[in-house]
Amino acid sequence: MDLKKALVLIPLITLFTIAGLQAQTKKHKPVNKTANAAALKAAMDAGSKVFMEYCVTCHQADGMGVPNMNPPLAKTTYVTGDKTRLIKIVLNGFNDDVDINGERYSNTMASHDFLQDKEIADVLTYVRNSFGNKASAVSPAQVKAVRAAK
């Protein structure tokens with residue numbers, strides 16, 4: 001092969017290789033939205049029951065909490081943000097003053113580490129997707145990992 005052909009072929013081969021790699025990385029597994037929706041609904045239903053048993057007294061049925069005592073769960077990045085922080089609060093309790101949405105809350109939250117990983121995942125999934133919140137689900141595996149790191 002002469003030098004001119006090589007100088008033309010090498011960039012073409014490189015271009016086709018890059019295009020092929022990009023096409024491969026854009027292939028995704030098909031998402032089974034029905035299964036995901038069913039799993040979310042099941043977690044939400046189970047989480048609602050846990051919430052009504054252990055959380056509603058302090059955080060209220062509307063998720064608005066009690067002013068200056070128990071923080072709201074509604075429309076706050078404190079709930080929709082860092083999952084690990086939220087899991088730790090459920091597992092370890094919470095005894096710090098906290099500012100949420102411009103208001104200070106100072107009541108102690110007891111540890112709920114007696115709940116199973118699935119119960120914690122379900123109630124946090126429920127809270128993160130109720131009261132005007134929209135956030136990703138919490139899995140039992142995530143709760144288990146945080147519990148193990150305790």
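Below, the structure is looked at part by part. Computed from a predicted structure; not experimentally measured. (Residues numbered from 1 in each chain as written. Predicted model: local features only at pLDDT ≥ 70, side-chain atom pairs only at ≥ 80, totals over all residues. Heavy atoms only, no water.)

Another point: the pattern of salt bridges. Two side chains with opposite charge may pair up if their charged atoms get near one another. With the rule as written, the count across this model stands at five salt bridges. Of the charged contacts, one joins Arg104 and Asp97 as a salt bridge, the two residues approaching to 3.8 Å between their closest N and O atoms. Looking at Asp97, the relative accessible area reads 43%, which means it is partly exposed. Asp122 is paired through a salt bridge with Lys118; the nearest N and O atoms lie 2.8 Å apart. Placement of both Asp122 and Lys118 in helix α6 (residues 117-128) is noted, with a separation of four residues, approximately one turn of the helix. Through salt bridges with shared partners, a single ionic network connects Asp97, Asp99 and Arg104. (Salt bridge = Lys/Arg side-chain N within 4 Å of Asp/Glu carboxyl O. Buried < 20%, exposed > 50% of the residue type's maximum accessible area, 1.4 Å probe, protein only. Helix = DSSP H or I, 4+ residues; strand = E, 2+ residues; numbered from the N terminus.)

What follows covers the nonpolar core. Counting 23 residues, the largest nonpolar core has Phe51, Ile87, Ile120, Leu124, Val127 and Phe131 as the members making the most contacts within it. Elements with a contribution of two residues or more to this core: α2 (33-54), α5 (83-92), α6 and α7 (140-148). Broken down by element, this core gets its largest block of residues, six residues, from α6. Leaving out residues up to four positions away in the same chain, Ile87 has contacts with Leu124, Val138, Gln142, Val143 and Val146. Core analysis: the next-biggest nonpolar cluster, separate from the first, contains five residues, Ile89, Val98, Ile100 and Tyr105 among them. (Core = buried A, V, L, I, M, F, W, Y, C linked by side-chain atoms within 4.5 Å. Contact = heavy atoms within 4.5 Å.)

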